[in-house]
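Descriptive analysis of the structure
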Amino acid sequence: MAAFGTVFTPEMILSRFSNDSWTEPQFVATDSISLHPGAHVLHYSSTCFEGLKAFKHADGSVYIFRMDKNVARLAQSSALLALPKFDPAMLSRMIVDIVGRYASEVPTPPGSMYIRPTHIGTEASIGKAAAPSLESMLYVLLSPVGDYFAGGAKPLRLLLEDNARCAPHMGMVKSGGNYASALQPIMKARAAVQADQVLFCPNGDVQETGAANFLLIDGNELITKALDASFLHGITRDSILTLARDRGMKVSERELTVDELLERAAKPGAEAALSGTAAVLTPVGTLIHNGKEYQVGNGQGGATTNALRQALNDIQWGKAADTHGWLTKVC
Ligand SMILES: *Cc1c(COP(=O)(O)O)cnc(C)c1O
């Protein structure tokens, strides 16, 4: 099986913005775009993206999960990066059109079609370090993906890091520069303590990892950081919190300190998990802080994490009723 995100459909769909208007979206070859070497995105990181998925149901129909939320988040990221504004209805149509065109290539569960809308500033101007790009390109890539957990959901090791992942006002923007700024701490954590990911906890405030949100489960309570501008507002996070409330769990969106996390995670039966579109909900088995290792619960992940992941997958895969209206039918 090819590595996640390395296989693409032969075409994507693309629209360009210049002279105050968007071109009619077109299907174009996926393997190349042409960009001026002075393009704004290449110098000043005017780039943002989304990640969402389409699923094939047992009757062969294809559905996209929470498309409206992802489109709205890309619009918000674009606004915060001062990229040209786009009509959310146009991007929704682009997504449905490209997924419909490649519906036959949407893998069956546990696989899916990963959808990557991308918006970049293309104006050729290296003088615009402190000014927005007035031209841009919006495109939607498709990547068929297999079972993220092929080989089993191995509980993750997380290194707790005192620094922030990115500038505090940029956390809610799904933008390339944020991943670049988190790369060194993640590489160091892998080399030093064989961590899978870094859990960023600036000033002792438990935030998120490089590309997923963090949830602590203690008995009937689910605890996660309340939304603010400093971290990414995950749509999987929102979905899992909704499903937890549906199951009668107490959902606490509030500050969680490193001290409280380490104390509660050690309790028997405690669980911790990372949420994100790619891996849905992944158990965390070990937290590493100041040179010490702390096992979360029994260190093997837990029943509530598995039940919440299954509940979400069941809706995505058409095995449970879509009571929250999260699915958009493509065909
Ligand atoms: C994409 C992302 C998430 C998860 O968001 P989902 O909408 O659940 O996929 C969390 N944190 C970061 C930094 C991300 O980039």
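Residues numbered from 1 in each chain as written. Predicted model: local features only at pLDDT ≥ 70, side-chain atom pairs only at ≥ 80, totals over all residues. Heavy atoms only, no water.

**Some points on the overall build of the protein**
Helix and strand content of the protein: seven helices and 17 strands. The C-alpha radius of gyration computed for the protein amounts to 20 Å, which stays within 12% of the reference 20 Å derived for 331 residues, consistent with globular compactness. If you line up the protein on its principal axes, its C-alpha atoms span 60 × 50 × 35 Å. With 331 residues in all, the protein has 54% of them scored as buried. Taking the contacts inside the protein whose residues are at least 6 apart along the sequence as the reference set, 71% of them involve residues at least 24 apart. Separation of charge centres in the protein, based on 29 positive and 32 negative side chains, amounts to 2 Å. (Helix = DSSP H or I, 4+ residues; strand = E, 2+ residues; numbered from the N terminus. Rg over C-alpha atoms; globule rule 2.2 N^0.38 Å. Buried < 20%, exposed > 50% of the residue type's maximum accessible area, 1.4 Å probe, protein only. Contact = heavy atoms within 4.5 Å. Lys, Arg positive; Asp, Glu negative; His and termini not counted. Charge placed at Lys NZ, Arg CZ, Asp CG, Glu CD.)

**Observations regarding the layout of surface pockets**
Approximately 710 Å³ is the volume attributed to the largest pocket. In terms of lining, the largest pocket is formed by 31 residues, of which the most central are Y148, A211, A212, G276 and A278. Of all elements in the fold, only β7 (112-121), α4 (176-193), α5 (235-246) and β14 (271-276) reach the threshold of two or more residues within the lining of the largest pocket. When residues of the lining of the largest pocket are assigned to their parent elements, the largest contribution, three residues, is made by β14. Residue composition of the lining of the largest pocket, by class: 13 nonpolar, 11 polar and seven charged. Each of domain 1 (11-145) and domain 2 (156-316) contributes no fewer than three residues to the lining of the largest pocket. (1 Å grid on protein atoms, 1.4 Å probe; cavity = no way out; pocket = protein on both sides within 12 Å on 5 of 7 lines; lining within 4 Å. Points joined across faces, edges and corners; volume = space filled by probe spheres on them. Nonpolar A, V, L, I, M, F, W, Y, C, P; charged D, E, K, R; others polar. Domains from an automatic or database assignment.)

**So, the site of the ligand**
In the vicinity of the ligand there are 15 residues, among which K174, Y179, E208, T236 and T277 approach most closely. Within the side chain of Y179, one N or O atom sits 2.3 Å away from an oxygen atom of the ligand. At 3.4 Å from a nitrogen atom of the ligand is found a main-chain nitrogen or oxygen belonging to A212. Protein burial of the ligand: of its 380 Å² of free accessible surface, 96% is covered by the chains. When atom positions are compared with the pocket grids, the ligand is found to occupy the largest pocket. Its residues assigned to classes, the shell around the ligand comprises five nonpolar, six polar and four charged. (Near = heavy atom within 4 Å. Polar contact = N/O pair within 3.5 Å; in protein donor to acceptor, adjacent residues only side chain to side chain. Areas by Shrake-Rupley, 256 points an atom, 1.4 Å probe, with all protein chains shown as cover. Sits in = over half its atoms within 2 Å of the grid points.)

**A short note on the nonpolar core**
Counting 31 residues, the largest nonpolar core has I64, L91, I95, V99 and I115 as the members making the most contacts within it. Those elements that place two or more of their residues in this core are β1 (11-18), β5 (52-56), β6 (62-65), α2 (67-80), α3 (88-101), β7 and β8 (136-145). Leave out the neighbours within four places in its chain, and L91 touches V71, L74, F86, P117, L138 and V140. In terms of nonpolar packing, the next biggest core, distinct from the first, is built from 21 residues, Y63, F65, L222 and L243 among them. (Core = buried A, V, L, I, M, F, W, Y, C linked by side-chain atoms within 4.5 Å.)

**Focus: the packing of α2 against α3**
In the contact formed by α2 and α3, the axes pass within 10 Å of each other and the chain directions differ by 130 degrees. Between α2 and α3, the angle is such that the two are oblique. In this structure, α2 meets α3 at a crossing whose hand is right-handed. Mapping the contact onto sequence places M67, V71 and L74 in α2 and P88, L91, S92, I95 and V96 in α3. Taken together, the residues of the contact of α2 with α3 sort by class into seven nonpolar, one polar and no charged. (Axes fitted to C-alpha atoms, helices over the stretch in contact; angles between N-to-C directions. Parallel < 35°, antiparallel > 145°, perpendicular 65-115°, else oblique. Left-handed = near helix turned anticlockwise from the far one by under 90°.)

**Concerning the pattern of salt bridges**
Evaluation of the coordinates by the stated rule reveals 17 salt bridges. Among the salt bridges present, the one from K128 reaches E123, with a minimum N-O distance of 2.9 Å. Its relative accessible area of 16% is what places K128 among the buried residues. The class for E123 is buried, based on a relative accessible area of 15%. With its nearest N and O atoms 2.8 Å apart, the salt bridge here joins E221 to R264. On the criterion of sequence distance, the pair formed by E221 in strand β12 (residues 221-224) and R264 in helix α6 (residues 258-265) is long-range, its members being 43 residues apart. Given the relative accessible area of 13%, E221 is considered buried. Among the charged side chains, a network of salt bridges with common partners joins D218, E221, K250, R254, E260, R264 and K267. (Salt bridge = Lys/Arg side-chain N within 4 Å of Asp/Glu carboxyl O.)

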